[in-house]
Amino acid sequence: AEVAVYDSGGSEEQAVAAAQAAVAGGAQMLLGPLLSGQSRAVAAAVGRVPVVALTNDSTVAGGNLFVFGITPLQSARAVIGFAATRGKRRGGVVVPSTAFGQLHAAAAGAVGAGVGASVLAPVVTDSAAGLVDRLRSDGALPDAVYLPVVGGAFTEQAAVLKAAGIQILGSDQWSAIIPYRTPALLDAWFAAPDPIRYEAFALAFEEQSGGEAGVLAGLAFDAVEMARLLGRLGQQNRAGLLRDGGFDGVLGPYRFTEGGQCDRALAVLGVQQGATVLIGATGA
């Protein structure tokens, strides 16, 4: 078979056993697993065999491990960069006090200078109380505030920001909700895969499976198509992954870096009454 499927189970040990069985069966490249801990363990266990993990934890990349999930850095670069082109060059960041929140805050801080924006120190909070006052720096509010993590006090925080007249920015996390059903998110901008490119795949997936096509389904599809392409070229190896032309997927164009990261082009969507619309895009 061109692509064989192995169950990575729920533990690192099960994932390693599945990976070793795949390599013993002749696999030249592994797609998955999903969890960062499993991904790291699998990469360590299979030597030089490239592992294209579906995790969005960019911190595990390196060596033979390539991170394929949509990462906090990709979202931040897309939407903060877009905001800068619209004159919103002084950005605030609000995240919950979780490890995932810290990843998003670090990503936002890392992209600022590169996209022509100044990103203020993050406000780490699990409530909306006093949020606007905490965002003031030198007596002024930021032009836009990045609110990347959905859940907890997210809706209340968005309402407070909107009432203060601040442009709200979001990450690909927003794709998991229906933003226009939250009044406070009206006129917000968020990073996401290009919906025009993704729609045909999503419709076909739903027709075949009866389920809704989430981002993970798109990632898995793109990974398999990439492996098939490299298989036809006889390049299911590190050099193949690092090919100059990169790849084109249903989630958009992308290319891998020597350090195991994935440079991915994301769209920027605007939230309108009853819909989200494509308003910008970034190159991979």
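Not measured: the values here are computed from a predicted model.

Asker: Describe the overall build of the protein, naming the residues involved and giving the relevant values.
Answerer: Along the backbone of the protein there are 9 helices and 14 strands. At 20 Å, the protein has a C-alpha radius of gyration in line with the 19 Å of a compact globule built from 284 residues. Dimensions of the protein, computed from C-alpha atoms along their principal axes, come out at roughly 60 × 35 × 35 Å. Expressed as a percentage of its 284 residues, the buried residues of the protein come to 45%. Of the contacts formed within the protein by residues at least 6 apart in sequence, a portion of 56% connects residues at least 24 apart. Averaging the locations of the 18 positively and 23 negatively charged side chains of the protein gives two centres separated by 7 Å.

Asker: Please provide a residue-by-residue account of helix 4 (residues 99-111), values included.
Answerer: Between its terminal C-alpha atoms helix 4 stretches 19 Å, which fits the 18 Å expected from 13 residues at 1.5 Å a residue. Buried within helix 4 are the following residues: Gly101, His104, Ala105, Ala107, Ala108 and Val111. All buried residues of helix 4 project into a common sector of 160° when viewed along the axis, lining one side. Exposed residues on helix 4 whose side chains face more than 90 degrees from its buried face are Ala99 and Ala110.

Asker: Break down the pairing of strand 14 (residues 275-281) for me, with residues and values.
Answerer: Pairing of strand 13 (residues 267-272) with strand 14, which is carried by 6 bridges, proceeds in the antiparallel orientation. Its bridge partner lying in strand 14, Val268 is registered against Gly280. Counting the residues that bridge the hairpin from strand 13 to strand 14 gives 2 residues, and of these Gly274 lies at a positive phi of roughly 80°.

Asker: Tell me about the pairing of strand 8 (residues 167-170), and name the residues and values.
Answerer: Residues Gln167 and Leu169 line one face of strand 8 and the alternating positions Ile168 and Gly170 line the opposite face, and both faces are buried. The pairing of strand 7 (residues 144-146) with strand 8 spans 3 bridges and is parallel. Each bridged residue has a counterpart across the sheet, and for Tyr146 the counterpart in strand 8 is Leu169. Between strand 7 and its parallel partner strand 8, the chain crosses via helix 6 (residues 154-163), and the hand of that crossover is right-handed. Pairing of strand 8 with strand 9 (residues 189-192) involves 2 bridges; the strand directions are parallel. Paired with Gly170 across the two strands is Phe190, which belongs to strand 9.

Asker: Go over the pattern of salt bridges, please, and point to the residues and values.
Answerer: Taken as a whole and assessed by the stated rule, the structure comprises 5 salt bridges. Two residues, Lys162 and Asp187, come together in a salt bridge whose shortest N-O distance is 3.8 Å. Separated by 25 residues along the polypeptide, Lys162 in helix 6 and Asp187 in the loop between strand 8 and strand 9 bring together distant segments of the chain. Take Lys162: its relative accessible area is 32%, and that puts it in the partly exposed class. Here Arg197 ties to Asp248 by a salt bridge, and the two come within 2.8 Å at their closest N and O atoms. Of this pair, Arg197 sits in helix 7 (residues 195-209) while Asp248 sits in strand 10 (residues 247-249), and the two are 51 residues apart along the sequence. Overall, the relative accessible area of 58% leaves Asp248 in the exposed class.

Asker: So, the packing of aromatic side chains: which residues are in play, and what are the values?
Answerer: One pass over the structure, following the stated rule, counts 12 aromatic pairs. Here the aromatic cluster, defined as three or more aromatic residues joined through ring pairs, consists of Phe66, Phe68, Phe247, Tyr254 and Phe256. For the cation-ring pair, Arg86 lies above Trp189, with the distance from its terminal atom to the ring centre recorded as 5.7 Å. Its end group placed over the ring of Phe247, Arg243 keeps NZ or CZ at 5.3 Å from the ring centre.

Asker: Give a detailed account of the sheet that holds strand 12 (residues 262-264), specifying residues and quantitative values.
Answerer: Ordered in space as 10-11-12, the 3 strands form an open sheet in which the pairing is antiparallel. Both edges of this open sheet fall to strand 10 and strand 12, since each of them pairs with a single strand only. When the angles between neighbouring strand axes are averaged without regard to direction, this sheet yields 30°. Of the pairings in the sheet, the one linking strand 10 to strand 11 (residues 252-256) comprises 3 bridges and is antiparallel in character. Bridge pairing in strand 11 links Phe247 to Tyr254.

Asker: Give me the lowdown on the sheet that holds strand 1 (residues 30-31), citing residues and values where you can.
Answerer: If you trace the 3 strands from one edge of the open sheet to the other, you get 1-2-3, paired in parallel fashion. Edge positions in the open sheet fall to strand 1 and strand 3 (65-67), since each of these has one partner strand only.

What counts and how
- Residues numbered from 1 in each chain as written.
- Predicted model: local features only at pLDDT ≥ 70, side-chain atom pairs only at ≥ 80, totals over all residues.
- Heavy atoms only, no water.
- Helix = DSSP H or I, 4+ residues; strand = E, 2+ residues; numbered from the N terminus.
- Rg over C-alpha atoms; globule rule 2.2 N^0.38 Å.
- Buried < 20%, exposed > 50% of the residue type's maximum accessible area, 1.4 Å probe, protein only.
- Contact = heavy atoms within 4.5 Å.
- Lys, Arg positive; Asp, Glu negative; His and termini not counted.
- Charge placed at Lys NZ, Arg CZ, Asp CG, Glu CD.
- Expected span 1.5 Å × (residues − 1).
- Arc of directions from axis to C-beta.
- Pairing = 2+ DSSP bridges.
- Right-handed = clockwise from strand over helix to strand, strands pointing away.
- Salt bridge = Lys/Arg side-chain N within 4 Å of Asp/Glu carboxyl O.
- Phe/Tyr/Trp six-rings, centres within 6.5 Å; stacked < 30°, edge-to-face > 60°.
- Lys NZ or Arg CZ within 6 Å of the ring centre and 35° of its normal.
- Axes fitted to C-alpha atoms, helices over the stretch in contact; angles between N-to-C directions.

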